[in-house]
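Tertiary structure, described
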4 protein chains.
Amino acid sequence: MTSRKKLQGLVAATITPMTPDGQINLPVIRQYVDYLVNKQTVKNVFVNGTTGEGLSLSIQERKQLAEEWVCQGKDKLDHVIIHVGALSLPESQELARHAAAIGAGGIAVIAPFFFKPTKKVRVEELLEGIKERIPTFQGVKFSDTDLLDLAQCVHKNEAQQLEFLYGVDEQLLGALAVGANGAVGSTYNYLGRQTNLMLEAFAKPDLALARKYQFLTGEFLNFVIKLGFGVAQTKAVMTFVSGIPMGPPRLPLLGASEEFIAKAKAKLDSIVWPDGN
Amino acid sequence: MTSRKKLQGLVAATITPMTPDGQINLPVIRQYVDYLVNKQTVKNVFVNGTTGEGLSLSIQERKQLAEEWVCQGKDKLDHVIIHVGALSLPESQELARHAAAIGAGGIAVIAPFFFKPTKKVRVEELLEGIKERIPTFQGVKFSDTDLLDLAQCVHKNEAQQLEFLYGVDEQLLGALAVGANGAVGSTYNYLGRQTNLMLEAFAKPDLALARKYQFLTGEFLNFVIKLGFGVAQTKAVMTFVSGIPMGPPRLPLLGASEEFIAKAKAKLDSIVWPDGN
Amino acid sequence: MTSRKKLQGLVAATITPMTPDGQINLPVIRQYVDYLVNKQTVKNVFVNGTTGEGLSLSIQERKQLAEEWVCQGKDKLDHVIIHVGALSLPESQELARHAAAIGAGGIAVIAPFFFKPTKKVRVEELLEGIKERIPTFQGVKFSDTDLLDLAQCVHKNEAQQLEFLYGVDEQLLGALAVGANGAVGSTYNYLGRQTNLMLEAFAKPDLALARKYQFLTGEFLNFVIKLGFGVAQTKAVMTFVSGIPMGPPRLPLLGASEEFIAKAKAKLDSIVWPDGN
Amino acid sequence: MTSRKKLQGLVAATITPMTPDGQINLPVIRQYVDYLVNKQTVKNVFVNGTTGEGLSLSIQERKQLAEEWVCQGKDKLDHVIIHVGALSLPESQELARHAAAIGAGGIAVIAPFFFKPTKKVRVEELLEGIKERIPTFQGVKFSDTDLLDLAQCVHKNEAQQLEFLYGVDEQLLGALAVGANGAVGSTYNYLGRQTNLMLEAFAKPDLALARKYQFLTGEFLNFVIKLGFGVAQTKAVMTFVSGIPMGPPRLPLLGASEEFIAKAKAKLDSIVWPDGN
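It should be emphasised that the depicted structure is a prediction, and the values quoted were computed from it without experimental measurement. (Residues numbered from 1 in each chain as written. Chains lettered and ligands numbered in written order. Predicted model: local features only at pLDDT ≥ 70, side-chain atom pairs only at ≥ 80, totals over all residues. Heavy atoms only, no water.)

Quick word on the overall build of chain A
Stated precisely, the cut-off is as follows: Segments assigned H or I by DSSP are reported as helices when at least four residues long, segments assigned E as strands when at least two residues long, and all are numbered from the N terminus. Between the two quantities, the radius of gyration covers C-alpha atoms and the globule rule is 2.2 Å times the number of residues to the power 0.38. When accessible area is computed with a 1.4 Å probe and restricted to protein chains, residues below 20% of their type maximum are described as buried, those above 50% as exposed, and intermediate ones as partly exposed. In this analysis, two residues are considered to be in contact whenever any of their non-hydrogen atoms come within 4.5 Å of each other. Asp and Glu are treated as the negative residues and Lys and Arg as the positive ones, with His and the ends of the chain left uncounted. Note that the charge is assigned to NZ on lysines, CZ on arginines, CG on aspartates and CD on glutamates.
If you tally the helices and strands in chain A, you get 11 helices and seven strands. Rg of the C-alpha trace for chain A: 18 Å, near the compact-globule value of 19 Å for 277 residues, within the 12% margin. Expressed as lengths along the three principal axes of its C-alpha atoms, the size of chain A is roughly 50 × 45 × 40 Å. Taken across its 277 residues, chain A has 58% of its residues classed as buried. Taking all contacts inside chain A whose residues are at least 6 apart in sequence as the whole, residues at least 24 apart take part in 73%. One way to put it: in chain A the 29 positive side-chain charges average out to a point 1 Å from where the 28 negative ones average out.

Below is the structure:
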């Protein structure tokens, strides 16, 4: 389960397509892979995470999805990372063994969070000596707005070559400035192309252009956040942007309203990107 | 899965006994049932809840535990309630069907909480029309310190004969005052006898005596809360009080320290209960 | 500044009457005192607290209000307590000296809260040795729903004869059950009579009747809390119940809406109290 | 009270020097101004804010400090901004009028926060039409880690020429990336020179160098934050870095411990800055 190619750039946190009656819709994933690669220029995926409603799925469903993504992504995607976090550690371990068995590019894991520590620990502290404890440890999806912690993480682990992928899409540019290597997020499903242009601008560096891209994706996100924006709404947005039917979310989530969809679509259509697309 | 006998009084939120290597320890449950009934005068149990580390267990383990409690509790316990909440609704439904099949006295369920509502809803509002939507609905384990909400719940559902069992052990007396019918909690595993004496005093009413019992259980709880008190510590306390080996908790919980155990035991031993025991 | 008479029962957290243009309206206070005593059977007041918008007033205004309450309450009220808390300790000290100089029955003080402790401390811990440090210390307005802490406070300070007045009006009955001596709150301005009947029922003890009163005041409070209930709304309710013009609140608070007033009045009028009033 | 010169770059949130017995120490301010200008290359100050313990001071003390800063800063500082926020709006207005009268370069104000809105509002929304309502409005000290909101604020107010000064010193670089114009903070009292070098590197742009400076200031801040870092500790750090006696904080703050001071000094001394100083 080692990653030969270095993981960097954008990673789409995949949506789990569902049929109208709430079952996972595996046949759509092939089309989904092609869409990400060809239309969004995104070649890495993070499967069964929050965006994928991973914790709302049964263990069996999670395995089926992992298999399908690994299978369909073969020779097309650079990295297929399977999220194996669960409240029950035996189940998490079972999912990890399964990911290894099917040849996933890597795993990611959220710690059990029903019982949780009473005091906040900085990520930077958690990473001290991590490679000794977990020799295959590759990096972190960092999803907090505390950029001091992120900067310290990046700096203190330079020798270890850990990857820090940022998880708060709407302020990725700030994280890049302090040293993030890339990003994992739901918006890269449908704004991956534009975000890759932002990454390119930042790399030049053409900060004014990078800022312009961040402003524009932010304009959309700020708008939908005010309307109420979660995984259900992400499924709806991805459906109208990509044309691939992502279906309804699973309970406890409720589907996006028609009103939300109409407003979100109008807003997204109204944005004029710097490259004219 | 209907309860013929009315559910009232104390319900012990059961601990899940584990072997030293972290497997569930089913053979201990028979002894556990006898202890609750004979030593603690507690005849109702709530299985696989927070105290039972239910969400740290696999689905299979939860089923095995449910079966053992139903089997061992037969003719000894009044009510065996199985908690079937899970993050994944299909898994929750599977557990509910299983509880029905094995003849459990009832189920309880926590809603999925990874995706959660953005605004707080009062329990009283949730219960409007509940019997129309869920005809077998029996009542609520109310575990908040908001006694206004509890009082409204009790009052508005008198005609429906719902049960309200309070879940904050250390302030049960306050909840009884506003109308709670009983209680579900971890402390009734080892302080059930004394709490039943408090309930009796309250029923007379002998408020001064009831208050004395609440003060004394509070003195213990206040003491251990300051030391850091969670499910792992509850397992340790139950072990030294009952003599039944509850074993270590499962990760992510860490076992109670020897220092905690010594201090908690000394504190509990130092309390002189009104009945001299 | 010692209190000869023991402080117990209800204490009204007074509203600060204002003129339509936002100045403090001192002449109304005489009528306010008579109303509390004669109509609400409440003979203790807590001046310049949250309900009185104390922290929105200038130091000079707080002094004027304190003087007027002490003056008008003479021979009519049992206890006039002046709240002297402020963010600036020199100002707090100045207010305390002033309260002593005008012959107030006592002072109460909230600690500065802009800079605040990083960890929560239980009241029970704060009170250890308090009489040695503050020989004139009389008691606590306890405004948390943590009744374990309250019960421990009451129990551990029995020898010291401290008073514990509860500050969460909507669940006073729960606090009485664990040992509170009385209450300080805004609702005793307009529901003082009914709450005193609850206290009488509790003292008998007639818990069913006490619970009935708590349910009914809770029914009103639960209703207005859902509409949005704060100091501005309290001013409006007191105005329509008492007929005394309390005026608008001071910014940053905005006045209650006409819709709120109509709904709150209709709700309060619809309640049938056990004594028929 | 208009600012002719555009406000940009660094603004030191000034410390209020106190004598050992807790009185404000005005004579030290002259030396303090010279130190900021000559040693830290910082020419703007923000007086009586959080760092200055503004809310722990009396109104009279705040006026005296404002006068001294305006007087001593004349011809040396570019901008002397007086913070006039208070819980009582009449007092805030009095402070604002005073600032105008003494010729301060501008005022800043925190809204009263004892009574506060029940829902969070984004700064970007608050600024809609702000210039119509407050024609002299100049800009915002933005002290949240929500860079989406900051980016939207900057973008939507380009035509209005508002200034956005960032207030979370440890992640200023992220804020610069999304468009902040400068910064207000306590660390610019003693790390102003290094932060100005970071601003210069960012302006080139030499992001690697800018990141290096942010890492190093972050290394110090991360270290002291773990020890417990607040205004009292800032006073101690400024005292040992500048040699100017800032004195103890006022209650409710307690002075930094000798242990903190020794550790913080050793840490700061251990940092090797890119320019060798």
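Here the narrative resumes.
Some thoughts on the relation of the copies chain D and chain C
Test applied: To superpose the copies, least squares is applied to the C-alpha atoms of every residue with a pLDDT of at least 70 in both.
Relative to chain C, chain D is turned by 180° and slid 0.0 Å along the rotation axis, the superposed coordinates differing by an RMSD of 0.0 Å. The operation mapping one copy onto its partner corresponds to a two-fold rotation axis. It is Leu87(D) whose C-alpha, among those of chain D, lies nearest the rotation axis, at 4.3 Å. Same-surface contact between copies: 100% of interface residues of chain D are shared with the interface of chain C.

With respect to the packing of helix H2 (residues 59-73) of chain C against helix H3 (residues 89-101) of chain C
Residues and elements named next belong to chain C. What counts here: Here the axes come from fitting lines to C-alpha atoms, over the contacting stretch only for helices, and the angles between their N-to-C directions go from 0 to 180 degrees. Note on angle classes: values under 35 degrees are labelled roughly parallel, values over 145 roughly antiparallel, values of 65 to 115 roughly perpendicular, and the remainder oblique. By the definition used in this description, the sense in which the near helix is turned from the far one sets the handedness, with an anticlockwise turn below a right angle giving left-handed and a clockwise turn giving right-handed. Amino acids are sorted into nonpolar (Ala, Val, Leu, Ile, Met, Phe, Trp, Tyr, Cys and Pro), charged (Asp, Glu, Lys and Arg) and polar (every other residue, Gly among them).
Closest axis-to-axis distance for the H2/H3 pair is 10 Å, and the angle between their directions is 20°. Classified by the angle their axes make, H2 and H3 are roughly parallel. In the crossing of H2 with H3, the sense of the turn from one axis to the other is right-handed. Contacts between H2 and H3 involve Ile 59, Arg 62, Lys 63, Ala 66 and Glu 67 from the first element and Glu 91, Glu 94, Leu 95 and His 98 from the second. Split by residue class, the contact of H2 with H3 holds three nonpolar, one polar and five charged.

Things to note about the packing of helix H10 (residues 231-242) of chain C against helix H11 (residues 258-270) of chain C
Residue and element names in this part refer to chain C. The N-to-C vectors of H10 and H11 enclose an angle of 55°; their axes lie 10 Å apart at closest approach. Judged on the interaxial angle alone, H11 and H10 are oblique. H11 is crossed by H10, and the crossing has right-handed handedness. Within the contact between the two elements, H10 uses Gln 233, Ala 236, Val 237, Phe 240 and Val 241 and H11 uses Phe 260, Ile 261, Ala 264, Lys 265 and Leu 268. A class-by-class count of the residues in the contact of H10 with H11 yields eight nonpolar, one polar and one charged.

Focus on the relation of the copies chain A and chain D
Note on the identical chains: chain A maps onto chain D by a rotation of 180° and an axial translation of 0.0 Å, with an RMSD of 0.0 Å. Looking at chain A, 100% of its interface residues are interface residues in chain D too, so the copies touch through the same face.

Topic: unusual backbone geometry
Residue Leu251(A) is joined to Pro252(A) through a cis peptide bond whose omega torsion reads 15°. Residue position: Pro252(A) is located in the loop between helix H10 (231-242) and helix H11 (258-270). Of note, the phi angle at Thr41(B) is positive, near 55°, even though the residue is not glycine. Thr41(B) sits in the partly exposed class, given a relative accessible area of 40%. One non-glycine residue, Asn48(B), lies in positive phi territory at about 70°. Locating Asn48(B) in the fold gives a position in the loop between strand S2 (44-47) and helix H2 (59-73).

Regarding the interface of chain A and chain D
Selection criterion: A 1.4 Å probe defines the accessible area here, and the buried area is the portion of it lost by two parts on being joined, summed over both. Basic side-chain nitrogens of Lys or Arg form a salt bridge, by our definition, when they fall within 4 Å of a carboxyl oxygen of Asp or Glu. Think of a polar contact as two N or O atoms within 3.5 Å of one another; within protein, one of them needs to be a possible hydrogen donor and the other a possible acceptor, and neighboring residues in sequence only count if both atoms come from side chains.
Taken together, the contact between chain A and chain D spans 32 residues of the former and 32 residues of the latter. Carbon and sulfur atoms supply 62% of the area buried between chain A and chain D, which totals about 2,700 Å² over both sides. Inspection of the chain A/chain D interface yields two salt bridges. With a closest N to O distance of 3.0 Å, Glu124(D) and Lys226(A) form a salt bridge. The interface formed by chain A and chain D includes 16 residue pairs in polar contact (both at pLDDT 80 or more). The greatest single-element share of the side of chain A that touches chain D, amounting to nine residues, is contributed by helix H9 (residues 207-227) of chain A. A per-class count over the side of chain A that touches chain D returns 13 nonpolar, eight polar and 11 charged.

Considering the interface of chain D and chain C
At the junction of the two partners, chain D supplies 21 residues and chain C supplies 21 residues. For the pair chain D and chain C, the summed buried area comes to about 1,900 Å², and 77% of that belongs to carbon and sulfur atoms. Here chain D is connected to chain C by four residue pairs in polar contact (both at pLDDT 80 or more). The leading source of residues in the side of chain D that touches chain C is helix H3 (residues 89-101) of chain D, at three residues.

Some points on the pattern of salt bridges
One side chain can pair with another of opposite charge once the charged atoms of both are near each other. Using the criterion set out here, one finds 44 salt bridges over all chains in the structure. Between Lys63(A) and Glu94(A) there is a salt bridge, and its shortest N-O distance comes to 2.7 Å. Residue Lys63(A) is located in helix H2 (residues 59-73), and its partner Glu94(A) is located in helix H3 (residues 89-101); the two are separated by 31 residues in the primary sequence. Asp34(B) is paired through a salt bridge with Lys76(B); the nearest N and O atoms lie 2.9 Å apart. Taken together, the residues Asp34(B) in helix H1 (residues 29-38) and Lys76(B) in the loop between H2 and strand S3 (79-83) connect sequence positions 42 residues apart. Overall, Asp34(B) belongs to the partly exposed group, its relative accessible area being 27%. Judged by relative accessible area, which is 28%, Lys76(B) ranks as partly exposed. Each member of the salt-bridge network shares a partner with another, and the members are Glu124(A), Lys156(A) and Lys226(D).

Overview of the sheet that holds strand S2 (residues 44-47) of chain C
Adjacent strands of a sheet form backbone hydrogen bonds with each other and so pair up, either parallel or antiparallel. Residues and elements named next belong to chain C. Worth spelling out the cut-off: When DSSP finds two or more bridges between a pair of strands, those strands are recorded as paired.
Spatially, seven strands are ordered S4-S3-S2-S1-S7-S6-S5 in an open sheet, and the strand pairing comes out parallel. Each having just a single partner strand, strand S4 (106-108) and strand S5 (139-142) make up the two edges of the open sheet. Pairs of neighbouring strands in the sheet enclose a mean axial angle of 25°, with direction left out of account. Bridge count between S2 and strand S3 (residues 79-83): four bridges; the pairing is parallel.

Observations concerning helix H9 (residues 207-227) of chain C
Note the threshold: For a helix, the expected span equals 1.5 Å multiplied by the residue count minus one.
With 21 residues, H9(C) extends 30 Å from end C-alpha to end C-alpha; this agrees with the ideal 30 Å at 1.5 Å per step. Of the residues trailing H9(C), Gly228(C) is marked for its positive phi of about 105°.

What to know about the arrangement of the chains
A gap remains between chain A and chain C, which never touch, and the nearest two C-alpha atoms on either side lie 11 Å apart. With respect to C-alpha atoms, chain B approaches chain D no nearer than 11 Å, and the pair has no contact.

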